[in-house]
Amino acid sequence: MKVHTTNYQNTFIEVAEDCPLTSGEIPPVKGENKTIANIEFEMISKHPYQYSSDDVLFQVFADKNDLTKSEYTEAREQFFSKGQACLRASPLTKRYGWGIHNDESGKIALYGMETPEYKKLSTDKNIKAVKAVRTSRK
């Protein structure tokens, strides 16, 4: 079975051009269940450079589908047996003003678009910069 990945190395995902914010905003909690943005933000902000994009996206899937830890290995194989949208399509980069840095080992961290670190990463010639997917079509 072919295994797909969403991981990038030495890449900075910049905020989408049509993001409505000017600084990183913590995604609001809506109701009792966490949103995709809530799960992604919690994982990445509390543990910078600990998880890869694949780790975060699978955890969102696992949480949303109420998987038990014993189901993770088989479910992860199944999940990545087909292509998945990467974090360029994340609500964090599209709606909430967060850039995502992928280091040389594919581990990720968040940077608000208003921060000096965001500006530095988005202009660093030693890493690839890509834009998040736009929300609206032009």
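Residues numbered from 1 in each chain as written. Predicted model: local features only at pLDDT ≥ 70, side-chain atom pairs only at ≥ 80, totals over all residues. Heavy atoms only, no water.

Chemist: Which residues make up the pairing of strand β3 (residues 108-112), and what values go with them?
Modeler: With five of five residues buried, β3 is to be regarded as a mostly interior element. Burial along β3 is two-sided: the face carrying I108, L110 and G112 and the face carrying A109 and Y111 are both buried. In this antiparallel pair of consecutive strands, strand β2 (residues 98-102) and β3, the connection spans five residues, and G106 shows a positive phi of 85°. (Buried < 20%, exposed > 50% of the residue type's maximum accessible area, 1.4 Å probe, protein only. Helix = DSSP H or I, 4+ residues; strand = E, 2+ residues; numbered from the N terminus. Pairing = 2+ DSSP bridges.)

Chemist: Give me helix α1 (residues 36-46): which residues, what numbers.
Modeler: Because an α-helix packs 3.6 residues into every turn, residues spaced three or four apart end up facing the same way. By the burial criterion, the buried members of α1 are A37, N38, I39, E40, F41, M43 and I44. Structurally, α1 contributes buried residues whose contacts are with α2 (53-64), α4 (91-94), β2 and β3. (Contact = heavy atoms within 4.5 Å.)

Chemist: Could you give an account of the pattern of salt bridges, naming the residues involved and the relevant values?
Modeler: All told, the structure shown has four salt bridges when counted by the stated rule. For the salt bridge of E17 with R134, the shortest nitrogen-to-oxygen distance reads 3.2 Å. With a gap of 117 residues between them, E17 in the loop between β1 (11-14) and α1 and R134 in the segment after β4 (128-131) connect regions that are remote in the sequence. Between R76 and D55 there is a salt bridge, with the nearest N and O atoms lying 3.1 Å from each other. Highlighted residues: R76 in helix α3 (residues 72-79) and D55 in helix α2, separated in sequence by 21 residues. (Salt bridge = Lys/Arg side-chain N within 4 Å of Asp/Glu carboxyl O.)

Chemist: Please set out the environment of A37 residue by residue, giving values where relevant.
Modeler: If you trace the backbone, A37 turns up in helix α1. Placed 73 residues apart in sequence, A37 and L110 show a C-alpha to C-alpha distance of 12 Å. Discounting residues that sit within four places of it in the chain, A37 has contacts with P27, P91, L92 and Y96.

Chemist: Go over the nonpolar core with me, naming the residues and quoting the values.
Modeler: One finds F58, L92 and L110 to be the most contacted residues of the largest nonpolar core, which totals 25 residues. By size, the runner-up hydrophobic cluster in this structure holds nine residues, among which are C19, A109, Y111 and I127. (Core = buried A, V, L, I, M, F, W, Y, C linked by side-chain atoms within 4.5 Å.)

Chemist: So what's going on with the packing of aromatic side chains? Which residues, and what values?
Modeler: Within this structure, the stated rule accounts for seven aromatic pairs. Between F12 and Y118 the ring centres are 5.0 Å apart and the planes differ by 75°, which places this aromatic pair in the edge-to-face class. Here the residue F12 occupies a position in strand β1, and Y118 occupies one in helix α5 (residues 116-123), the gap between them amounting to 106 residues. For F12, a relative accessible area of 0% translates into the label buried. Y118 gets classed as buried once you look at its relative accessible area, which sits at 9%. Centroid distance F79 to F80: 4.8 Å. Interplanar angle 85°. Geometry classified as edge-to-face. (Phe/Tyr/Trp six-rings, centres within 6.5 Å; stacked < 30°, edge-to-face > 60°.)

Geometric values such as these leave the question of function open.
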